[in-house]
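Examining the three-dimensional arrangement
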Amino acid sequence: MLLLFKNTVGRKIVMAVTGLLMFGFIIGHLLGNTTIFTGPDGINAYAEKLRNLGPLIWIMRVIMLVMVSLHVFFGVQITLEDNAAKPGSYAMKRNLRSTFASRSMIWTGLLIAGYLIYHLLQFTFHVINPEISSMKNFDSLGRHDVFSMLVHGFQSVLVSSVYIAAMIAVALHLAHGIQSLFQTLGLNNDSSLPAIEKAGLITAVILFLGYVSIPAAILAGIVK
Ligand code: HEM
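Throughout what follows, the structure given in this document is the object of discussion.

Calculation criteria
- Residues numbered from 1 in each chain as written.
- Predicted model: local features only at pLDDT ≥ 70, side-chain atom pairs only at ≥ 80, totals over all residues.
- Near = placed C-beta within 6 Å.
- Helix = DSSP H or I, 4+ residues; strand = E, 2+ residues; numbered from the N terminus.
- Nonpolar A, V, L, I, M, F, W, Y, C, P; charged D, E, K, R; others polar.
- Axes fitted to C-alpha atoms, helices over the stretch in contact; angles between N-to-C directions.
- Parallel < 35°, antiparallel > 145°, perpendicular 65-115°, else oblique.
- Contact = placed C-beta atoms within 7 Å.
- Buried ≥ 20, exposed ≤ 12 C-beta atoms within 10 Å, placed from the backbone.

Side note on the site of the ligand
Near the ligand there are 19 residues, and of these Ala47, Arg61, Phe123, Tyr211 and Ile214 occur at the shortest range. Among the elements of the structure, α2 (8-33), α4 (55-84), α7 (105-124), α8 (146-154), α9 (157-184) and α10 (193-219) are those that each provide at least two residues to the shell around the ligand. By residue number, the principal contributor to the shell around the ligand is α7, which donates 6 residues. A per-class count over the shell around the ligand returns 14 nonpolar, 4 polar and 1 charged.

Below you can see the structure in the form of structure tokens.
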């Protein structure tokens, strides 16, 4: 097990598997969040169902925390080691195929980590803007009023801008991350690579539009 963490291929596999699980979370989280378009009843009922999962939700939270920690730890470690290595002919050759998304993985990754802390402090722990995201807010059925929390939160241009900027980082990270995942798990070859790159890009754009649609609809007064 320890060898896996020291070995370059082993660490890439950990990055790919943790990345895949978080990718699954990002899809599920977006699907859950889009219930906001069905009104307060939709998203408040959805949030209540999640809370009623009880210990299961805590198990999922611990798994996610381990996944994020491993992904960030090895991501930083691999980047530091790559940067310390002398740029030889291999690095030069590799740069020919690199894209902005691939070169900025460490930066978009660290931005997402920073965003995640902000996001949890705001909507889960209610430390940032407690006046708009207070747990004391309940709807008429006694459920936590997640709908009002999001509407009040995103009515602030500043809050919405932070989210939209973070979603750009998520999209860039995924655009390269998805194809990298296929590469590490050996699921691509020279002929399938262009199609996988395209699929990664399209998926990233769809997720970006999906996530951004929420603050955008609130700012535009469509969801209120
Ligand atoms: C417009 C974009 C987003 C919206 C509206 C949103 C909304 C929310 C809300 C309302 C909660 C709290 C749920 C509750 O306590 O009832 C939450 C939790 C969370 N969000 Fe987001 N989110 C967004 C984007 C993201 C992204 C891109 C990520 C990942 C990179 C993310 C990761 C999380 C995590 C890890 C939690 C904690 C889940 C838990 O309670 O265990 N969110 N989000």
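Read on, since the account is not over.
Remarks on the packing of α8 against α10
α10 packs onto α8 with a crossing angle of 75° between their chain directions and a minimal axis gap of 8 Å. Taken together, α8 and α10 sit at an angle that is classed as roughly perpendicular. Residue-level contacts link Leu150, Val151 and Phe154 of α8 to Ile214, Pro215, Ile218 and Leu219 of α10. Considered class by class, the residues forming the contact of α8 with α10 number 7 nonpolar, no polar and no charged.

Notes on the environment of Phe147
Looking at the secondary structure, you find Phe147 in helix α8. Look at Phe147 and you get buried, because 23 C-beta atoms sit within 10 Å. Placed 120 residues apart in sequence, Phe147 and Ile27 show a C-alpha to C-alpha distance of 20 Å. When sequence neighbours within four positions are dropped, the list of residues in contact with Phe147 reads Ile36, Pro40, Ile43 and Asn44.

What about the environment of Ile43?
Considering the arrangement of structural elements, one finds Ile43 in helix α3 (residues 40-51). In this structure the C-alpha to C-alpha distance between Ile43 and Pro215, which are 172 residues apart in sequence, comes to 15 Å.

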